[in-house]
Number of protein chains: 2
Amino acid sequence: MRDVSIVGLGQTPVGEHWDTSLRELGFRALEAALKDARAERVEALYVGNMLSGHLTGQEHIAALIADFAGLRGIEAIKIEAACASGAAALRVGYAMVAGGLADIVAVVGVEKMTDQSPETVTAALSMGVDADYEAMQGLTHMGVGAMLMRRYMHEHGFKREDFANFAINAHANAVGNPNAMYRSPISVRLFNEAKPIADPISMFDSAPAADGAACVILAPTEIAREFNDKPVRIRASAVATDTVAAHDRRDPLYLEAAAISAQKAFATAGLGPDDIDLLETHDAFTILSALSLEACGFAARGGGVRLAQNGEIGLRGRIPITTMGGLKARGNPVGAAGLYQIVEVAQQMRGDAGVNQVVNARLGMAQNIGGTGGTVVTTILERL
Amino acid sequence: MRDVSIVGLGQTPVGEHWDTSLRELGFRALEAALKDARAERVEALYVGNMLSGHLTGQEHIAALIADFAGLRGIEAIKIEAACASGAAALRVGYAMVAGGLADIVAVVGVEKMTDQSPETVTAALSMGVDADYEAMQGLTHMGVGAMLMRRYMHEHGFKREDFANFAINAHANAVGNPNAMYRSPISVRLFNEAKPIADPISMFDSAPAADGAACVILAPTEIAREFNDKPVRIRASAVATDTVAAHDRRDPLYLEAAAISAQKAFATAGLGPDDIDLLETHDAFTILSALSLEACGFAARGGGVRLAQNGEIGLRGRIPITTMGGLKARGNPVGAAGLYQIVEVAQQMRGDAGVNQVVNARLGMAQNIGGTGGTVVTTILERL
């Protein structure tokens, strides 16, 4: 297998792009990434997306975006793994280059959600939980998240307020990210006074639906500097799965797919949690950041929230997370979220994270969670 | 890159499985293929599916099927490329094994359509055409097919009746396929008297929506005989794309993605049309078989229909097509169709096609078409 690096980064601002179509969003991210890679073409395109069929009546979007981007004819395939679609697409693109099936490929994550009503989006997102055994009973994606958070509070003796710093940290970091949706800091008081959406999840525990697209260009590391002076090496890309229905898991508070994919990624890279300089958690809900930190070995069971409380998740903390705002404040265009994470970790590895730069960051990790843990993709990037 | 072979085949009967869930269908095909490969586990699962979100409210189905099949924890990813989802999933699975990222993987194609009304299914299938520039104007997938057929008749001087043998051949072959949906021969008179659905497409030009799942197990060729006494080698797997909207193409009657993917596959395998013993065409509409035969070089422009008229597409003809009934008579569970084609070509390569066996078949090809040609996947299999 060949060593693979990221040689181009592109993203659109995350927000409500009512005047921009799905294909246009995908194209803009791809165009920016190609420019960053000083490339005009790629051999293949892999697109991570969850909801285009349900929300815009359009499947078949990989071919659509390839054509719209002037790449008519190339191999183009869409990848879907609920909210983990973005990083799952990266996994496929990585495999194509690592395995020698292609040299230069693009991976785009794209989602367009805000043209639809919140009710429609809530129903659409619930296609990521078990349709027969969860959604059919009236349980939404948010509802499962709320039950996990309530159970965690019960098991480990936390109150809702103890999760505040996950959201405060994300919003603080989004201020320095020009592509973030909510570039406004929030206070403890604001967090504590927020009304519940699905108790105990409030508006500030939950990431906003959004529109956006992010893209990376991949190439073999041995030719990476032909494209970019600051290539970022993919040390590992690992996918694992679990039951889609949370109630079927041995322990709902232990995300096995997160643990397995992290262990696979660490084993591939010959690394462990202590080597990682920053972690992009999938903070669709604050509870998911806590569970991810614990499943990956950055904290003991029940210790994820404590890391946040102690300020160890900040840019200068022991394990900085959501360094560019996370899903919470950068915004969560679901099928694109995993690619935004990758772009942001790569920015950190390049030293291009501006005021949000984690000093001396050399190894960064991202964990993209599908549904409430049914699919988890872990990626480790390294500064070259 | 490693040489890859198919070491296990599985399929459910194609039909109306009202009492069987999507995950159960996927599991049954996977279980049969694992048994055929004398294997208990695979390292990864790739699932081709187009419509589960829209028709059953369930995305995230790769993780769902992996768990339901007792494979909890493995890498599992869904692949979508409209009606070409099945063979696109094969392409990803092939790449994983060829590139050395995995040794033993399963590729499942699954679709469940018949619980929904025909109107709902027609709307769902139209997510494979251009939502903004075709579907928004009231044009369905079937409508685009009808315009292509009408244009072909005009350009090349054919009548509707001239397409009859595509359907008659498919139905004749389905009689010998125990998994086919319509195991009934049809006559010229029946074809000619069929009422139009989207003029000039009649019921017998158009493949039926169906439920079903098909699966192949892949392994490196060098260890293939550990799993199966009759491995089938994948000589090539190639994806190409075109505009999704048919009116944007340079020539709507020339399927460029079919031509490019066939050329890529032929080049990879060092073969040409004359070497191919049988071809599974994507006969969602009879016109697509004609266009596929022409784009791949089996016939000159306008010659595809003539091949059918002259009986050269039969099991003992010059280029047998739809040898187990095709989409038309085996049935068309769209996201699974590409995998059914692969399973059927593999059956032919093994000499396991029963009364439908193409004598001395050594090289077989399948062409899986997404939308009306926006994505085309060409696969070439070889008897070992």
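If you're wondering where the values come from, they're calculated on a predicted model, not measured in any experiment. (Residues numbered from 1 in each chain as written. Chains lettered and ligands numbered in written order. Predicted model: local features only at pLDDT ≥ 70, side-chain atom pairs only at ≥ 80, totals over all residues. Heavy atoms only, no water.)

Would you take a moment to explain the packing of helix H4 (residues 85-98) of chain B against helix H13 (residues 334-350) of chain B for this structure?
Two measures define how a pair of helices packs: the angle their axes make with one another and the distance between the axes. The geometry of H4 of chain B relative to H13 of chain B is characterised by a closest axis approach of 5 Å and an angle of 65 degrees between their N-to-C directions. On H13 of chain B, the residues that touch Ser85, Gly86, Ala87 and Leu90 of chain B of H4 of chain B are Gly335, Gly338, Leu339 and Ile342 of chain B. (Axes fitted to C-alpha atoms, helices over the stretch in contact; angles between N-to-C directions. Helix = DSSP H or I, 4+ residues; strand = E, 2+ residues; numbered from the N terminus. Contact = heavy atoms within 4.5 Å.)

Would you take a moment to explain the environment of Ser206 of chain B for this structure?
Residue and element names in this part refer to chain B. Its place among the elements puts Ser206 in the loop between strand S6 (201-202) and strand S7 (212-220). According to the relative accessible area criterion, Ser206 is buried, its value standing at 7%. For the pair Ser206 and Ala329, spaced 123 residues apart in sequence, the C-alpha separation works out to 9.5 Å. (Buried < 20%, exposed > 50% of the residue type's maximum accessible area, 1.4 Å probe, protein only.)

It is not clear to me how the nonpolar core should be interpreted in this structure. Could you clarify?
Core analysis: the biggest nonpolar cluster contains 94 residues, and Val216 and Leu218 of chain A together with Val216 and Leu218 of chain B have the highest contact counts within it. The residues contacting Val216 of chain B, other than those within four sequence positions of it, are Ile6, Gly8, Leu9, Leu90, Val105, Ala106, Val107, Leu339, Ile342 and Val343 of chain B. (Core = buried A, V, L, I, M, F, W, Y, C linked by side-chain atoms within 4.5 Å.)

Looking at this structure, how should I read the relation of the copies chain B and chain A?
Taken as rigid bodies, chain B and chain A are interconverted by a rotation of 180 degrees and an axial shift of 0.0 Å, the fit giving an RMSD of 0.0 Å. Those values place the two copies in the arrangement expected of a two-fold rotation axis. When C-alpha positions in chain B are compared against the rotation axis, the closest is assigned to Gly99 of chain B, at 1.7 Å. By residue overlap, the copies meet face to face through one surface: 98% of the interface positions of chain B are interface positions in chain A. (Least-squares fit on C-alpha atoms with pLDDT ≥ 70 in both.)

What is the right way to read the interface of chain B and chain A from this model?
Interface size is often expressed as the accessible area that is lost when the parts come together. In this complex, chain B contributes 57 residues to the contact, which on the side of chain A involves 56 residues. In total, about 4,500 Å² of surface goes out of reach between chain B and chain A, with carbon and sulfur atoms giving 54% of it. The tally of links between chain B and chain A comes to six salt bridges. We note a salt bridge from Glu75 of chain A to Arg91 of chain B, for which the minimum N-O separation is 3.0 Å. Viewed at the interface, chain A and chain B are joined by 26 residue pairs in polar contact (both at pLDDT 80 or more). Taken together, the elements giving at least two residues each to the side of chain B that touches chain A come down to helix H2 (52-56), helix H3 (61-68), strand S3 (75-80), H4, strand S8 (232-241) and helix H9 (256-269) of chain B. Its residues assigned to classes, the side of chain B that touches chain A comprises 26 nonpolar, 17 polar and 14 charged. Pairing geometry for strand S3 (residues 75-80) of chain A and S3 of chain B, over three bridges, is antiparallel. Following the sheet pairing, Lys78 of chain A is matched in S3 of chain B by Glu80 of chain B. (Buried area = accessible area lost by both parts, 1.4 Å probe. Salt bridge = Lys/Arg side-chain N within 4 Å of Asp/Glu carboxyl O. Polar contact = N/O pair within 3.5 Å; in protein donor to acceptor, adjacent residues only side chain to side chain. Nonpolar A, V, L, I, M, F, W, Y, C, P; charged D, E, K, R; others polar. Pairing = 2+ DSSP bridges.)

What is the right way to read the pattern of salt bridges from this model?
A side chain of one charge can pair with a side chain of the opposite charge if their charged atoms are brought near each other. In this structure the tally under the stated criterion is 52 salt bridges over all chains. Lys78 of chain B is paired through a salt bridge with Glu59 of chain B; the nearest N and O atoms lie 2.9 Å apart. In this pair, Lys78 of chain B is assigned in strand S3 and Glu59 of chain B in the loop between H2 and H3, connecting sequence segments 19 residues apart. With respect to class, Lys78 of chain B is no different from Glu59 of chain B; both count as buried. Members of the salt-bridge network, linked through shared partners, are Asp3, Arg233, Arg235, Arg362 and Glu382 of chain A.

In this structure, what is going on with the domain arrangement of chain A? I would like to understand it.
Residue and element names in this part refer to chain A. The domain architecture assigned to chain A consists of domain 1 (4-117 + 210-232) and domain 2 (127-204 + 235-383). A separation of 22 Å is found between the C-alpha centroids of domain 1 and domain 2. Of the residues lining the interface, 44 residues belong to domain 1; the matching set on domain 2 comes to 35 residues. Roughly 3,100 Å² of surface becomes buried between domain 1 and domain 2 when both sides are summed, with 68% attributable to carbon and sulfur atoms. By the criterion of area lost to domain 2, the three top residues of domain 1 are Gln11, Val14 and Cys83, representing 22% of everything that side buries. At the junction of domain 1 and domain 2, the tally comes to two salt bridges. One salt bridge connects Asp352 with Lys230, and the closest N-O pair in it is separated by 2.7 Å. Taken together, the connections running from domain 1 to domain 2 amount to 10 residue pairs in polar contact (both at pLDDT 80 or more). Among the elements of the structure, strand S1 (4-11), helix H4 (85-98), strand S4 (105-111) and strand S7 (212-220) are those that each provide at least two residues to the side of domain 1 that touches domain 2. With seven residues, H4 is the largest single contributor of residues to the side of domain 1 that touches domain 2. Looking at side-chain class alone, the side of domain 1 that touches domain 2 contains 25 nonpolar, 13 polar and six charged residues. (Domains from an automatic or database assignment.)

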